[in-house]
Amino acid sequence: MIKLFSSESVTEGHPDKVADLISDAILDACLSQDPDSRVACETAVTTNYVLVFGEMTTRAVIDIDTIVRKAIRTIGYDRPGLGFSADEVKIDVRVHEQSPDIAMGVDHEETGAGDQGLMFGFATDETPSLMPLPIDLAHRLAQRLAEVRRDKTIPFLRPDGKTQVTVAYDDGKPLYIHDVVMSTQHDPDMTHEDIEKALHEHVISPILKDYDTTRTRFHINPTGSFVIGGPAGDSGMTGRKIIVDTYGGYARHGGGAFSGKDATKVDRSAAYMARYLAKNIVAAGLAEKIEIQIAYAIGVAEPVSLLLEDFGTAKVPINQIEALIRTHFDLRPKAIIRHLSLKTPFYSKTSAYGHFGKEVVSLPWESRDAVAIFKQLLYNTNDAKIESR
């Protein structure tokens, strides 16, 4: 039976992604000076206005105004007349120190979780990145949309844009691409025909050249015009694209956002660790796809639960995989931070086009360096060691 599944992505010029980048740029600036910074930074954006708020405890001395304007300019909102630009925005900062009640739970050797919550990690062998095909393609199309804007291949594009891919599945396996939706902000006075032609030639064809698209329906700027966009067209906030940031809805989500949070917040660090484990399990050939849930209580270091779901695809008993994880991997927040080098200021790289599947960006949770450990279950070896970074 054919089933259709859709996932979307957005470009860095989308208002919510503008907010995510600002929050992560501030986090990176803090970590660059003080790796022990505690940051929970939120951003809200609208027409020529940015509000930065939240909690920070750090020894870093940073200029938030400069960081915000640089982030906005990097995205491409770098000239007047767009309703939102680096030189025109008004910036308000409302930041205070972290609650001492939270700090009490995490400021010790055991490093308890910064909050309660549940996090999911997922991997599937249906793409080389071990991500679900719909979100993988949606991200690649959105990234390509930004590339051709930046290098002026399509000079009339503006920073805001969205993509969506629907894949037809048969018995859980991708069969063909059923629909592609693409909406992109553009300069005025462009005809729909010119926009459609340019996107097919320079965005869609390069990304989908290896796929059969004879049955694919394409929907390019379905409303006909998209001139006013970004924060001038819609308000944006940090953490409103959690499904775009993860698995496109293909796997479950615990509800916690990522951007602007340091790694003591398990919303971020445990979700990264769960992806790392899931990816290495699939890469080792133990399952075709797997989902991992980890849950925590605030101030408590050890997870309150660990659950694996293999969707009937595991090649060894699932309890053996779980036992191996418990033996070889420390899931306390401090250990996760150390294992994945999460005090490193690389978070701005994650703020658009997903936090997972980016192997070319060298994010630690995308490493396959634990494959040998998991292959023990296939080859019954006891001497596999995790490779040093």
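Keep in mind that what you see is a predicted model, and the values were worked out from it rather than measured.

The rules behind the values
Residues numbered from 1 in each chain as written. Predicted model: local features only at pLDDT ≥ 70, side-chain atom pairs only at ≥ 80, totals over all residues. Heavy atoms only, no water. Pairing = 2+ DSSP bridges. Helix = DSSP H or I, 4+ residues; strand = E, 2+ residues; numbered from the N terminus. Axes fitted to C-alpha atoms, helices over the stretch in contact; angles between N-to-C directions. Polar contact = N/O pair within 3.5 Å; in protein donor to acceptor, adjacent residues only side chain to side chain. Contact = heavy atoms within 4.5 Å. Right-handed = clockwise from strand over helix to strand, strands pointing away. 1 Å grid on protein atoms, 1.4 Å probe; cavity = no way out; pocket = protein on both sides within 12 Å on 5 of 7 lines; lining within 4 Å. Points joined across faces, edges and corners; volume = space filled by probe spheres on them. Nonpolar A, V, L, I, M, F, W, Y, C, P; charged D, E, K, R; others polar. Salt bridge = Lys/Arg side-chain N within 4 Å of Asp/Glu carboxyl O. Buried < 20%, exposed > 50% of the residue type's maximum accessible area, 1.4 Å probe, protein only.

Caption draft 1: Spotlight on the sheet that holds strand E10 (residues 289-296). Spatially, the 3 strands line up as an open sheet ordered E5-E10-E11, and their pairing is antiparallel. The open sheet has two free edges, formed respectively by strand E5 (117-124) and strand E11 (305-309), since each of these has just one partner strand. Between one strand axis and the next, the sheet turns by 15 degrees as a mean value, whatever way the strands run. Pairing geometry for E5 and E10, over 8 bridges, is antiparallel. Directly across from Met119, in E10, lies its bridge partner Ile294.

Caption draft 2: Molecular detail of the side chain of Asp262. Tracing the sequence through the fold places Asp262 in the loop between helix H6 (242-245) and helix H7 (266-283). In this structure the side chain of Asp262 is engaged in a polar contact, spanning 2.8 Å, whose partner is the backbone nitrogen of Val39. Polar contacts involving the side chain of Asp262 include one to the side chain of Lys265, which spans 2.5 Å. Apart from residues no more than four positions distant in its own chain, Asp262 is found in contact with Leu27, Ser37, Arg38 and Val39.

Caption draft 3: Highlighting the pairing of strand E4 (residues 90-96). Where strand E3 (residues 49-57) lies against E4, 7 bridges are found, and the strand directions are parallel. In the sheet register, Val50 faces E4, and the bridge partner there is Ile91. With helix H2 (residues 64-75) bridging E3 and its parallel neighbour E4, the resulting β-α-β unit is right-handed.

Caption draft 4: Main features of empty space enclosed by the protein. Applying the stated rule across the entire model yields 1 cavity of 30 Å³ or more. The wall of the largest cavity is formed by 13 residues, among which Met119, Phe120, His253, Gly254 and Ala271 lie closest to the centre. Looking at the lining of the largest cavity, the elements that each hand over two or more residues are E5 and H7. Ranked by residues supplied to the lining of the largest cavity, first place goes to E5 with 3 residues.

Caption draft 5: Geometry of the layout of surface pockets. In this structure, the largest pocket encloses a volume near 890 Å³. Lining the largest pocket are 34 residues, and of these Gln143, Lys349, Tyr353, Lys358 and Val361 lie nearest its centre. A per-element tally of the lining of the largest pocket places helix H4 (residues 133-150) first, with 8 residues. Looking at side-chain class alone, the lining of the largest pocket contains 16 nonpolar, 9 polar and 9 charged residues.

Caption draft 6: Region of interest: the pattern of salt bridges. Enumeration according to the criterion identifies 25 salt bridges in this entry. Measuring nitrogen to oxygen at the nearest pair gives 3.0 Å for the salt bridge that ties Arg268 to Asp24. On the criterion of sequence distance, the pair formed by Arg268 in helix H7 and Asp24 in helix H1 (residues 15-33) is long-range, its members being 244 residues apart. Sharing partners across several salt bridges, the network here consists of Glu12, Arg149 and Arg150.

Caption draft 7: How the structure looks around the environment of Ser32. Tracing the sequence through the fold places Ser32 in helix H1. Given a relative accessible area of 52%, Ser32 falls into the exposed group. With 187 residues separating them in the primary sequence, Ser32 and His219 have C-alpha atoms 43 Å apart. A polar contact of 2.8 Å, which involves the side chain of Ser32, links it to the backbone oxygen of Asp28.

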